[in-house]
Amino acid sequence: MSRLKLPSIPSSQITDETVWRSRRRWLQQAGLGAVAMAGGALWHEGLRAEQVEGALPATLNPAYSLPDKPTSEKDITSYNNFYEFGTGKTDPLSHAARMQTRPWTLSIEGEVAKPFTIDLDDLLKLATIEERIYRLRCVEAWSMVIPWNGYALSHLLKRAEPTGNAKFVQFVTATQPENMPGLRSRIIDWPYLEGLRMDEAMHPLTMLVLGVYGKLLPNQNGAPVRLAVPWKYGFKSGKSLVKIRVLDHMPETSWAAIAPNEYGFYANVNPTVAHPRWSQATERRIGDGFFAPRVETRMFNGYAEQVASLYTGMDLARYY
Ligand SMILES: Nc1nc2c(c(=O)[nH]1)N[C@H]1C(S)=C(S)[C@@H](COP(=O)(O)O)O[C@H]1N2
Ligand SMILES: [Mo]
């Protein structure tokens, strides 16, 4: 494949999204859209990666590609929820630059035979960095389509060798009082906590994210490492993770602790179960314009085929 060349773009015009889109378009034109390995190999060889600061070369995993047009890099990185930096959608972009993301370690402890602490450089090398295009739907009824870079969380969990008592996983996120103005607010009993059942955490769709649009995560998106759990409401995808606790019981999670009648532990995207204050049947795609027709929300955010079996026999109106 090395004789094939990426299209050239004047360097003054290069943004990460331009590079990402031109690579995708070029692969389509070359009839290689489905040949994801070729894309990844070219990306590595293509020199362009080094021209972009903080580049994180990734290979599209075709099992996690979507027909939907990805949300622009600008929207993905400027319309955020990250309460550590305030509750406004642009607060994370305005304030998250102060967060210290290096050095960074992530610890895995609890019901595991081999607890360990791993630093960011080793996390980046733990498994092949894939590009996976995922839907993200917020409980507030807006959504995005995001080309994340990372790999299945199961790669990390397996390394710790969960014991027979491992039933749930709790995700603990960073607290940096000096750098996170949102911590002065008491809305959340910091740190922000999330949790999954063990089978959900081990599911191949559950992703440990280190980058977006072929670049290391910007702080406002949860640098340097976060989750993406695409069949659940966005809040389950904890940002800036520092600790993973493997547990024998269902853990405390921030949103369920604040308002248990509004936010359950499971938080599966479900158009048939309304939030107590608004419908979950439709969503607004960020970037489509405020007056664009709303998109119908799909069961498990469109991932029912992959995940519905995890919930067989469960009353999802009760376990929301
Ligand atoms: N630590 C932390 N993680 C978090 C949040 C937060 O406030 N703090 N917000 C969640 C919510 S409500 C959503 S919708 C997603 C948003 O991710 P994005 O800003 O990268 O789109 O992050 C989730 N992870
Ligand atoms: Mo959210």
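Sequence positions are assigned chain by chain, starting from 1 and proceeding in written order. To label them, take the chains in the order written and letter them from A, then take the ligands in the order written and number them from 1. With the structure being a predicted model, the display of local features is reserved for residues of pLDDT at least 70 and the display and counting of side-chain atom pairs for 80 or more, all residues being used for whole-chain, interface and lining totals. To get the side-chain values, take all heavy atoms of the structure and skip hydrogens and water.

**Points about the overall build of the protein**
Helices and strands together make up the secondary structure of the protein, namely 10 helices and 13 strands. Within the protein, the proportion of its 320 residues that are buried is 56%. When contacts within the protein are restricted to residue pairs at least 6 apart in sequence, long-range pairs at least 24 apart make up 71% of them. Surface accessibility follows the Shrake-Rupley procedure with a 1.4 Å probe radius. Residue values consider only the protein chains on display as shielding. For the protein, the exposed area adds up to about 14,400 Å²; of that, 53% sits on carbon and sulfur atoms. A run of H or I in DSSP counts as a helix once it spans at least four residues, and a run of E counts as a strand once it spans at least two, with each numbered from the N terminus. Only protein chains enter the accessibility calculation, which uses a 1.4 Å probe; a residue is then buried when its area is under 20% of its type maximum, exposed when over 50%, and partly exposed in between. Whether two residues are in contact is decided by their heavy atoms, any of which lying within 4.5 Å being enough.

**Side note on the site of ligand 1**
If a single non-hydrogen atom of a residue is within 4 Å of a molecule or strand, that residue counts as near it. Around ligand 1, the surrounding shell holds 16 residues, and the nearest of these are N80, Y83, E84, R226 and K239. Pairs of N or O atoms within 3.5 Å make up the polar contacts considered here, provided that, within protein, one atom can donate a hydrogen while the other can accept it, and that residues adjacent in sequence are counted only when both atoms are side-chain atoms. With respect to ligand 1, the side chain of N80 contributes an N or O atom lying 2.8 Å from an oxygen atom. Contact distances for ligand 1 include 2.8 Å between a nitrogen atom and a side-chain N or O atom of E84. Calculation on ligand 1 without its partners gives an accessible area of 530 Å², and the protein chains cover 99% of this total. Two kinds of site are reported from a 1 Å grid over the protein atoms alone, namely cavities, where a 1.4 Å probe fits but cannot get out, and pockets, open sets with protein on both sides within 12 Å along at least five of seven lines, and residues are called lining when an atom falls within 4 Å of a point. A molecule is counted as occupying a cavity or pocket when more than half of its atoms fall within 2 Å of that pocket's grid points. Assessed atom by atom at 2 Å from the grid points, ligand 1 resides in the largest pocket. The residue inventory of the shell around ligand 1, partitioned by class, reads 6 nonpolar, 7 polar and 3 charged. Gly counts as polar in this scheme, as do all residues outside two lists: the nonpolar Ala, Val, Leu, Ile, Met, Phe, Trp, Tyr, Cys and Pro, and the charged Asp, Glu, Lys and Arg.

**A short note on the environment of P70**
In this fold, P70 is placed in the loop between β1 (59–60) and α4 (73–78). Linking P70 and I133, residues 63 residues apart in sequence, is a C-alpha distance of 7.7 Å. Each residue touching P70, except ones within four places of it in the same chain, is listed here: W20, R21, V145, P147 and Y213.

**Observations regarding the UniProt feature "binding site: Mo-molybdopterin" (unreviewed entry) in the protein**
UniProt positions are given in the numbering used here, feature names are shortened, and annotations may be inferred rather than shown by experiment. The residues that UniProt annotates with the feature "binding site: Mo-molybdopterin" (unreviewed entry) are N80, Y83, E84, C138, T173, N221, R226, S237, G238 and K239. Here, the largest cavity is lined by R226 and S237 out of the annotated residues. Looking at where E84 falls in the secondary structure, it is placed in the loop between α4 and α5 (91–95). Taking the relative accessible area as the measure of exposure, E84 reaches 2% and is therefore buried. When sequence neighbours within four positions are dropped, the list of residues in contact with E84 reads T173, A174, M180, P181, G182, L183, W190 and Y192.

**So, the nonpolar core**
Looking at soluble globular proteins, one finds that nonpolar side chains tend to be buried together. For our purposes a nonpolar core is just a set of buried Ala, Val, Leu, Ile, Met, Phe, Trp, Tyr and Cys residues, chained together by side-chain atoms within 4.5 Å. Ranked by size, the top nonpolar core spans 84 residues in total, and within it L123, W148 and L156 carry the most contacts. No other element matches strand β5 (residues 142–152), which puts 6 residues into this core.

**Digging into the packing of aromatic side chains**
Any Phe, Tyr or Trp ring, taking Trp's six-membered ring, that has another such ring centre within 6.5 Å forms a pair; planes under 30 degrees apart are called stacked, those over 60 apart edge-to-face, and the others tilted. Following the criterion strictly, the structure yields 14 aromatic pairs and no others. For the ring pair W20 and Y213, a centre distance of 5.0 Å and an interplane angle of 80° mean the geometry is edge-to-face. One end of the pair, W20, is in helix α1 (residues 16–29); the other, Y213, is in the loop between β8 (207–212) and β9 (215–216), with 193 residues separating them in the sequence. The pair W20 / Y213 is uniform in exposure class, with both members buried. Ring centres 5.7 Å apart and planes at 80° place the aromatic pair F168 and F265 in the edge-to-face group. One end of the pair, F168, is in strand β6 (residues 168–173); the other, F265, is in the loop between α9 (254–258) and β12 (282–285), with 97 residues separating them in the sequence. Residue F265 is classed as buried on the basis of its relative accessible area, which comes to 8%. Through a chain of ring-to-ring contacts, the aromatic side chains of F168, F265, Y266, F300, Y311 and Y319 assemble into a single cluster.

**Observations regarding the pairing of β5**
Taken across its 11 residues, β5 has 11 buried, putting it largely inside the fold. Paired strands are those between which DSSP finds at least two bridges. The pairing of strand β4 (residues 130–137) with β5 spans 8 bridges and is classified as antiparallel. Within β5, the position partnered with L136 by the bridge is M144. The hairpin formed by β4 and β5 contains 4 residues between the paired strands, and A141 there has a positive phi angle of roughly 75°. Here 2 bridges tie β5 to β12, and the two strands are oriented parallel to one another. Opposite W142, over in β12, you have R284 as the bridge partner. Sheet topology note: the β5/β8 ladder contains 5 bridges and is antiparallel. Its bridge partner being in β8, G150 is matched across the sheet by V209.

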